[in-house]
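Notes for the structure review
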Amino acid sequence: MVQKVAVIGAGPCGLSSIKACLDEGLEPTCFESSDDIGGLWRYKEKLVPGRTNIYQCVIINSSKEMMAFSDFPPPAELPNNMHHTEKSKYLLHKQGDFHQIDLKCLSQTKVVGLRRRPDFDVTGQWDVETETADGRRQTHVFDAVMVCTGHYTQPHLPLSHFSGIESFKGRYFHSWEYRNAKGLEGKRVVVIGFGNCGCDIAVDISRVAERVYLSTRSGAWVVGRVGPGGLPFDAAWNSRLVVTLASLFPTWSNWMLERKLNEFFDHKLYVTAKKKKKCFWAQIPVINDDLPGRIISGRIQVKPNVKEFRETSVVFTDGSVDAVVFATGYNYSFPFLPPDLQAKSDYRLRLYKHVIPPTLAHPTLAVVGFIHGLGAINSMAEMQARWATRVFKGRHRNPLQVDVIPYTDSLAEQVGSKPNILQLLFTEPTLALQVVLGPRTSYQYRLSGPGKWAGARQAIFTQKQRITRPFRTRVVSEEPGNEASSILSILLAFIAGAALLCYLIYNWHLPFLPSVAPQL
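Predicted, not measured: the structure shown is a model, and the values here were computed from it.

So, the overall build of the chain
- Looking only at helices and strands, one finds 16 helices and 22 strands in the chain.
- By residue count, 49% of the 520 residues in the chain fall in the buried class.

Here you go:
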């Protein structure tokens with residue numbers, strides 16, 4: 001019987017895993033290699049190989065309600081898209097709310113080995129070897145293990161792909177080393193890589209550099225954090241209704257989304273070196289509010305992929321280059337895992353539900369948070385942890401990127417906490433409309449089932465108040481409504497009702513209408 005669980009890593013995924021263990025009556029012990037909780041979001045001045053880090057200007061891409069823990073809404077006064085220091089404070093507040101977590105974490109203790117015990121086929125137990133900061137090693141026995149160490153541990157620096165790099169006399173380094181633009185004042189800088197990290201760094205450097213060149217092979221959609229009505233973009237678009245319509249009508253939904261995006265942002269959203277534009281849903285977009293302005297002002301120039309380096313320049317520039325930042329991503333690594341469990345299938349570990357290796361005699365190892373999606377990872381990882389702990393307890397026998405709502409719903413269905421929209425429609429229609437038409441926040445998975453939280457309903461009804469609270473910095477007198485707004489409200493209610501009916505038809509396959517399969 002599983003009772004003692006090792007949790008490796010004390011970032012957001014580790015905290016969720018500890019809480020999930022406590023909810024199921026398990027005894028978690030967390031091993032954290034750094035000196036505090038928070039993982040990636042604890043900014044560190046000193047670089048430590050094998051650990052990810054963030055730069056000083058980082059703002060989270062997901063708004064606070066979309067990345068919130070399901071039983072811990074963020075304070076209303078926090079901005080919707082927080083600076084990394086505010087995100088770190090939120091994690092510390094969660095630790096304070098669940099005071100048991102502090103007692104379960106062993107900081108500055110690194111896991112260096114994980115082995116099945118000789119009697120694993122009978123017990124499912126693991127030997128966990130740890131090393132403290134002073135070099136002391138110890139082996140612990142656990143009934144189950146949850147790996148929460150994140151995606152990226154090894155900077156990917158593909159120097160062999162760039163001819164002439166050995167002759168380049170300027171400075172070049174991976175984005176992992178970047179903290180701020182100090183030392184790049186008045187320089188000409190090339191940033192290679194058009195992901196979120198590369199674009200953030202290019203914008204940051206462009207404020208002090210003479211010129212910044214942003215190199216991209218294939219381009220990307222660029223989306224701001226601000227959506228309709230000045231509210232967070234992800235809260236406006238990440239709803240069950242939007243996902244359902246996107247599944248039913250992918251071509252139409254992509255056209256409509258592109259049209260709406262162009263209404264919100266006064267710039268071309270797709271920056272590419274190729275002529276053919278990709279479907280919005282085909283890749284994770286770049287989230288950046290400032291990049292279009294830096295491009296249109298000439299502070300950043302978008303260039304194709306670098307073909308060759310010379311002593312003081314690269315082939316696509318007209319003048320010298322002083323520094324190059326390789327924002328070329330990371331390679332994931334779990335060096336403490338047994339070799340057979342490190343085998344990859346393309347870019348993925350072989351994991352059932354992206355969580356549990358299917359080859360184990362006993363499902364007592366879970367990898368939490370090793371996923372990508374068009375949305376915040378927190379709620380997905382939290383549901384992974386809740387599902388995995390129930391697998392540990394024996395209550396369930398059964399490309400890296402996932403679709404956030406369907407994937408989280410599939411786990412919630414097995415946990416028993418997926419919102420029952422049809423039941424809510426008849427018992428509490430106002431809540432049903434909030435769940436279907438509002439942003440798909442994690443509180444929805446605490447309305448019912450195991451781990452039900454009494455505050456979930458209130459959290460859903462007040463999420464808009466917490467979103468709009470940071471904007472209320474001055475008193476504005478409310479204008480009286482007019483007849484046109486009343487007509488618009490009736491029209492919107494009619495459209496919402498029709499959309500909800502479509503949602504129910506699609507998800508419950510009503511007998512008087514044919515089933516419609518989504519296009520994948």
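Next comes the rest of the description.
Some thoughts on the sheet that holds strand S9 (residues 171-174)
- The strand order across the open sheet formed by five strands is S9-S16-S10-S11-S15, and the pairing between neighbours is parallel. Both edges of this open sheet fall to S9 and strand S15 (300-303), since each of them pairs with a single strand only. The sheet shows a mean angle of 20° between the axes of neighbouring strands, taken without regard to direction.
- In terms of strand pairing, strand S11 (residues 211-215) meets S15 through four bridges, oriented parallel. Its bridge partner lying in S15, Tyr213 is registered against Gln301.
- Those strands touched by helix H5 (residues 196-206) are strand S10 (188-192), S11, S15 and strand S16 (323-326), and its axis lies near 170° from that of S11.

Details of the pattern of salt bridges
- Scanning all chains against the criterion turns up 21 salt bridges.
- When the shortest N-O distance is used, the salt bridge between Asp23 and Arg446 registers 3.9 Å.
- In this structure, Arg395 and Glu24 form a salt bridge, with 2.3 Å as the shortest nitrogen-oxygen distance. With Arg395 in the loop between helix H10 (377-392) and strand S22 (401-402) and Glu24 in the loop between helix H1 (12-23) and strand S2 (27-31), the pair connects residues that are 371 residues apart, well separated along the chain.

Digging into the side chain of Asn80
- Looking at the element boundaries, Asn80 is found in the loop between S2 and helix H2 (84-97).
- Among the polar contacts listed, one links the side chain of Asn80 to the backbone oxygen of Ile467, at a separation of 2.6 Å.

Focus: the nonpolar core
- Of all hydrophobic cores here, the largest spans 84 residues; its most connected members are Val5, Met146, Val191 and Ile205.
- If you count residues domain by domain, this core takes at least three from each of domain 1 (4-152 + 332-417) and domain 2 (166-329).
- Counting 22 residues, the second largest nonpolar core, distinct from the first, contains Val111, Phe142, Leu349 and Leu351.

Some details on empty space enclosed by the protein
- Space inside the largest cavity adds up to approximately 40 Å³.
- Along its surface, the largest cavity is lined by Ser16, Lys19, Ala20, Asp23, Lys94, Glu382, Arg386 and Arg446.
- Within the residue set of the lining of the largest cavity, elements represented by two or more residues are H1 and H10.
- Counting residues per element, the lining of the largest cavity draws most heavily on H1, at four residues.

Quick look at H10
- The terminal C-alpha atoms of H10 lie 22 Å apart, and with 16 residues this matches the ideal 22 Å at 1.5 Å per residue to within 8%.
- At the C-terminal side of H10, Gly394 shows a positive phi close to 85°.

Definitions and limits used
Residues numbered from 1 in each chain as written. Predicted model: local features only at pLDDT ≥ 70, side-chain atom pairs only at ≥ 80, totals over all residues. Heavy atoms only, no water. Helix = DSSP H or I, 4+ residues; strand = E, 2+ residues; numbered from the N terminus. Buried < 20%, exposed > 50% of the residue type's maximum accessible area, 1.4 Å probe, protein only. Pairing = 2+ DSSP bridges. Axes fitted to C-alpha atoms, helices over the stretch in contact; angles between N-to-C directions. Contact = heavy atoms within 4.5 Å. Salt bridge = Lys/Arg side-chain N within 4 Å of Asp/Glu carboxyl O. Polar contact = N/O pair within 3.5 Å; in protein donor to acceptor, adjacent residues only side chain to side chain. Core = buried A, V, L, I, M, F, W, Y, C linked by side-chain atoms within 4.5 Å. Domains from an automatic or database assignment. 1 Å grid on protein atoms, 1.4 Å probe; cavity = no way out; pocket = protein on both sides within 12 Å on 5 of 7 lines; lining within 4 Å. Points joined across faces, edges and corners; volume = space filled by probe spheres on them. Expected span 1.5 Å × (residues − 1).

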